[in-house]
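A closer look at the structure
What follows is each chain in one-letter form.
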Amino acid sequence: AQSVTQLGSHVSVSEGALVLLRCNYSSSVPPYLFWYVQYPNQGLQLLLKYTSAATLVKGINGFEAEFKKSETSFHLTKPSAHMSDAAEYFCAVSDPLAGKSTFGDGTTLTVKP
Amino acid sequence: NAGVTQTPKFQVLKTGQSMTLQCAQDMNHNSMYWYRQDPGMGLRLIYYSASEGTTDKGEVPNGYNVSRLNKREFSLRLESAAPSQTSVYFCASSESGRRTEAFFGQGTRLTVV
């Protein structure tokens, strides 16, 4: 069975600082991995996805993530945080048979002025 | 382009009452999903439908039923609501296959008193 673990339920950074949100996965087959963002009182929207084409994936709003097979990780980064990045972030892995995804517990990002 | 539309957005039920959450997508997606979101627990899959005419249980199906009415619509029914079903419910859809991301509705905030 596929699973993801997001390390740190809350991350706080200053505006302009590096954002690093951690995700480790477990998968019996080469994984397809996703990062989603959820703004308050909204649904989730896709930030970026890894589907084996390139290990460094660029997404919207300046975010990127690197797939590291040896570390079973797919950490999300952004060089410089903006106030508008404050949200909850979810890592997800896709089930190889059914196409449905399993989500991590989420990481709430707070950006301090 | 509406995407995924959920109704209602808010609902308060008394214990034992029943209700149906409606979901419709206009992206011609084959797969549809119902998740619940609880603080600190991420998104948990209740039921999903890989294609029109099929439904399968997810991680937390007890107390719920679903109907894939047609390719566009996927409803979730609570037959006898319980306080433990107080949650935010999200409907999502995706194209078939594990490479594809899910598109989410805005959510239904349900309180059972």
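Before reading further, recall that the structure is shown in the block above.
Residues numbered from 1 in each chain as written. Chains lettered and ligands numbered in written order. Predicted model: local features only at pLDDT ≥ 70, side-chain atom pairs only at ≥ 80, totals over all residues. Heavy atoms only, no water.

The subject of this paragraph is the interface of chain B and chain A. Tallying the contact residues gives 20 residues for chain B and 26 residues for chain A. Between chain B and chain A, a total of about 1,900 Å² is buried, with carbon and sulfur atoms accounting for 50% of that surface. The interface formed by chain B and chain A contains one salt bridge. Note that A:Lys49 is salt-bridged to B:Glu101, the shortest N-O span being 2.8 Å. At the junction of chain B and chain A, the tally comes to five residue pairs in polar contact (both at pLDDT 80 or more). Elements supplying a minimum of two residues to the side of chain B that touches chain A: strand 4 (31-37) and strand 5 (43-49) of chain B. For the side of chain B that touches chain A, a count of residues per class yields nine nonpolar, seven polar and four charged. (Contact = heavy atoms within 4.5 Å. Buried area = accessible area lost by both parts, 1.4 Å probe. Salt bridge = Lys/Arg side-chain N within 4 Å of Asp/Glu carboxyl O. Polar contact = N/O pair within 3.5 Å; in protein donor to acceptor, adjacent residues only side chain to side chain. Helix = DSSP H or I, 4+ residues; strand = E, 2+ residues; numbered from the N terminus. Nonpolar A, V, L, I, M, F, W, Y, C, P; charged D, E, K, R; others polar.)

Let us now look at the packing of aromatic side chains. Inspection of every chain in the model, using the stated rule, returns 14 aromatic pairs over all chains. The interplanar angle of 45° and the centroid separation of 5.5 Å between the aromatic rings of A:Tyr36 and A:Phe103 together place this pair among those described as tilted. One end of the pair, A:Tyr36, is in strand 4 (residues 33-38); the other, A:Phe103, is in strand 10 (residues 101-103), and 67 residues separate them in sequence. Each ring, one from B:Tyr64 and one from B:Tyr89, has its centre 5.9 Å from the other, and the planes form 65°; the classification is edge-to-face. With B:Tyr64 in strand 7 (residues 64-68) and B:Tyr89 in strand 9 (residues 87-94), the pair connects residues that are 25 residues apart, well separated along the chain. Neither residue differs from the other here; B:Tyr64 and B:Tyr89 are each classed as buried. Grouped by ring-pair contacts, the aromatic residues A:Phe34, A:Tyr36, A:Phe103, B:Tyr33, B:Tyr35, B:Tyr48, B:Phe90 and B:Phe104 constitute a single cluster. (Phe/Tyr/Trp six-rings, centres within 6.5 Å; stacked < 30°, edge-to-face > 60°. Buried < 20%, exposed > 50% of the residue type's maximum accessible area, 1.4 Å probe, protein only.)

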